[in-house]
Amino acid sequence: MKARVYVTLKNGVLDPQGKAIEHALSALDFQGVDQVRQGKLIELDLSESDPEAARSNVAAMCEKLLANTVIENYTIELDS
Amino acid sequence: MKAAVIVFPGSNCDRDVQVTLRQVSGVEPVMVWHKESSFENVDLIVLPGGFSYGDYLRSGAMAAKSNVMREIASRASAGVPVLGICNGFQVLTETGLLPGVLMRNADLKFVCRDVHLKVESSQSLFTSAYETGQVVRIPVAHHDGNYFAGDEELDRLEDRGQIAFRYVDAVGEMEGSANPNGSARNIAGVYNETKTVLGLMPHPERLADPQLGGTDGEGLFKSLLESLS
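Structural notes, computed from the coordinates. (Residues numbered from 1 in each chain as written. Chains lettered and ligands numbered in written order. Predicted model: local features only at pLDDT ≥ 70, side-chain atom pairs only at ≥ 80, totals over all residues. Heavy atoms only, no water.)

1. Digging into the pairing of strand β7 (residues 135-142) of chain B
Residue and element names in this part refer to chain B. Where burial is concerned, most of β7 is hidden: 6 out of the 8 residues are buried. Relative to β7, strand β6 (residues 111-119) runs antiparallel, the two sharing 8 bridges. Its bridge partner being in β7, C112 is matched across the sheet by A141. (Buried < 20%, exposed > 50% of the residue type's maximum accessible area, 1.4 Å probe, protein only. Helix = DSSP H or I, 4+ residues; strand = E, 2+ residues; numbered from the N terminus. Pairing = 2+ DSSP bridges.)

Below you can see the structure in the form of structure tokens.
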């Protein structure tokens, strides 16, 4: 089973990299982009086949290592 | 004062702080590789600057999960003083031994220059050789030094006297331009609740010898020597 973990900055946490991308897009004449937030995508190949067990295992990985929950949120997607 | 300097793959200020500790205390520090799960009893543990594990995932995140950090967390909770400089500070926040997070510098640039710091209080193991409110000149060199914590957490830190150093200008004012990285409330260094663990972004070991152009950083090591000998 594959898991995809999206790690994003919490609302209210400044994202200077997102801001820089926003400015670059507008400098390239892309109109209508109100805000850019940059995050991370982490892909995991799991041997686990039970989705519930996989999800709780990946959540534990996020809490312990993959995200810093002081400033980051995470969401988990599973593909069997 | 016997100190241990922890060496991670990618540490690059481990030798600098080794030299400073040797010069100030006259005792050779023990260098401890990150894979060790135990090491001899010491009076002080130092996490040096550098780019442990290439800053993969987040600065300090991988080092925080190394064998040696489990041992350090247990010694820190038993009251052994721990000093984290630059990447060492990042490792301490990732371990949860210190509150907050060090984010990418607000202007996204690596900053490498001398800054001025205000010593918030001389009442600590780490600052007793300084005066309260003293302004010192210390170099910074980092890309991820933008200290962040929630407003409630920051208020708590202020109330408990856990802010060790703030970025100021040469006369001690908290000017916006004195803040090199966008840190909340100009915070350059924080203590844990018992003030036995200190993390700071600036490098006191880089200005602790007249041959290096200044000795303002030496006070931090002299304070420790005074407190721990």
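2. Quick notes on the sheet that holds strand β1 (residues 2-9) of chain A
Residue and element names in this part refer to chain A. With antiparallel pairing, 3 strands are arranged side by side in an open sheet as β2-β1-β3. The outermost strands of the open sheet, each flanked by one partner alone, are β2 (40-45) and β3 (72-79). Direction aside, the axes of adjacent strands within the sheet are offset by 20° on average. Taken together, the 8 bridges between β1 and β3 define a ladder with antiparallel strand orientation. Within β3, the position partnered with L9 by the bridge is E72. Set on the sheet, helix α2 (residues 51-66) makes contact with β1, β2 and β3; between it and β3 the angle comes to about 150°. (Axes fitted to C-alpha atoms, helices over the stretch in contact; angles between N-to-C directions. Contact = heavy atoms within 4.5 Å.)

3. Re the pattern of salt bridges
All names here are of chain B. Using the criterion set out here, one finds 19 salt bridges over all chains in the structure. For the salt bridge of D151 with R185, the shortest nitrogen-to-oxygen distance reads 3.4 Å. Residue D151 is found in helix α4 (residues 151-159), and its partner R185 is found in the loop between β9 (163-168) and β10 (187-191); the two are separated by 34 residues along the sequence. By relative accessible area, which is 55% here, D151 ends up exposed. On the basis of relative accessibility, which here comes to 27%, the residue R185 falls in the partly exposed class. Salt bridges sharing common partners tie together E120, D151, D155, E158, R166 and R185. (Salt bridge = Lys/Arg side-chain N within 4 Å of Asp/Glu carboxyl O.)

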